[in-house]
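Inside the fold
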Amino acid sequence: QVQLVESGGGLVQAGGSLRLSCAASGRTFSNYIMDWFRQAPGKEREFVAAISRTGGNTYYADSVKGRFTISRDNAKNTVYLQMNSLKPEDTAVYYCAARRSWGDTEYDYWGQGTQVTVSS
């Protein structure tokens, strides 16, 4: 069993930065591919970024490419999302999720989410 807890959200002005963290319980964190998703009010949840088990491979949605960076520290059981040059359209609840393989469309675990609000 893995529990995921996000933190680091908040209110920031457009152009600012935030770093989200997702701390995982359990000793099998390094077995999972980790993703970040977000959901804005009235919109469907959307993929933001993903990182491989070792951190050697990362993937991003086009909307955040060049502005957001996903990373992980397996020794700390934590995955991060560094968000720079934030825009009002980045406002959403951000979730981390864990899956065992790239082919999985269902995720094994989800966090509770952290709110990010970007003011114009």
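Worth saying up front: this structure is predicted, and the values here are computed from it rather than measured.

Glancing now at the environment of R38. With respect to the element layout, R38 can be found in strand β4 (residues 33-39). Note on R38: relative accessible area 5%, which makes it buried. Each C-alpha atom, one on R38 and one on Q115, is 9.3 Å from the other, the two residues being 77 residues apart in sequence. The contacts of R38, once residues within four sequence positions are left out, are E44, R45, E46, V48, S63, V64, F68, E89, D90, A92, V93 and Y94. A distance of 3.5 Å separates a polar atom in the side chain of R38 from a polar atom in the side chain of S63.

This brings us to the packing of aromatic side chains. Taken as a whole and judged by the stated rule, the model has 6 aromatic pairs. Consider the rings of Y59 and W102, whose centres lie 5.1 Å apart with planes at 75°: the pair is edge-to-face. Taken as a pair, Y59 in strand β6 (residues 58-60) and W102 in the loop between β9 (92-99) and β10 (109-110) lie far apart in primary sequence, 43 residues in all. Overall, the relative accessible area of 38% leaves W102 in the partly exposed class. Residues Y107 and W110 carry aromatic rings whose centres are separated by 5.3 Å and whose planes lie at 55° to one another, so their mutual orientation is tilted. A connected cluster of aromatic rings, assembled from ring pairs, spans F37, F47, Y107 and W110.

Reading the values: rules and limits
Residues numbered from 1 in each chain as written. Predicted model: local features only at pLDDT ≥ 70, side-chain atom pairs only at ≥ 80, totals over all residues. Heavy atoms only, no water. Helix = DSSP H or I, 4+ residues; strand = E, 2+ residues; numbered from the N terminus. Buried < 20%, exposed > 50% of the residue type's maximum accessible area, 1.4 Å probe, protein only. Contact = heavy atoms within 4.5 Å. Polar contact = N/O pair within 3.5 Å; in protein donor to acceptor, adjacent residues only side chain to side chain. Phe/Tyr/Trp six-rings, centres within 6.5 Å; stacked < 30°, edge-to-face > 60°.

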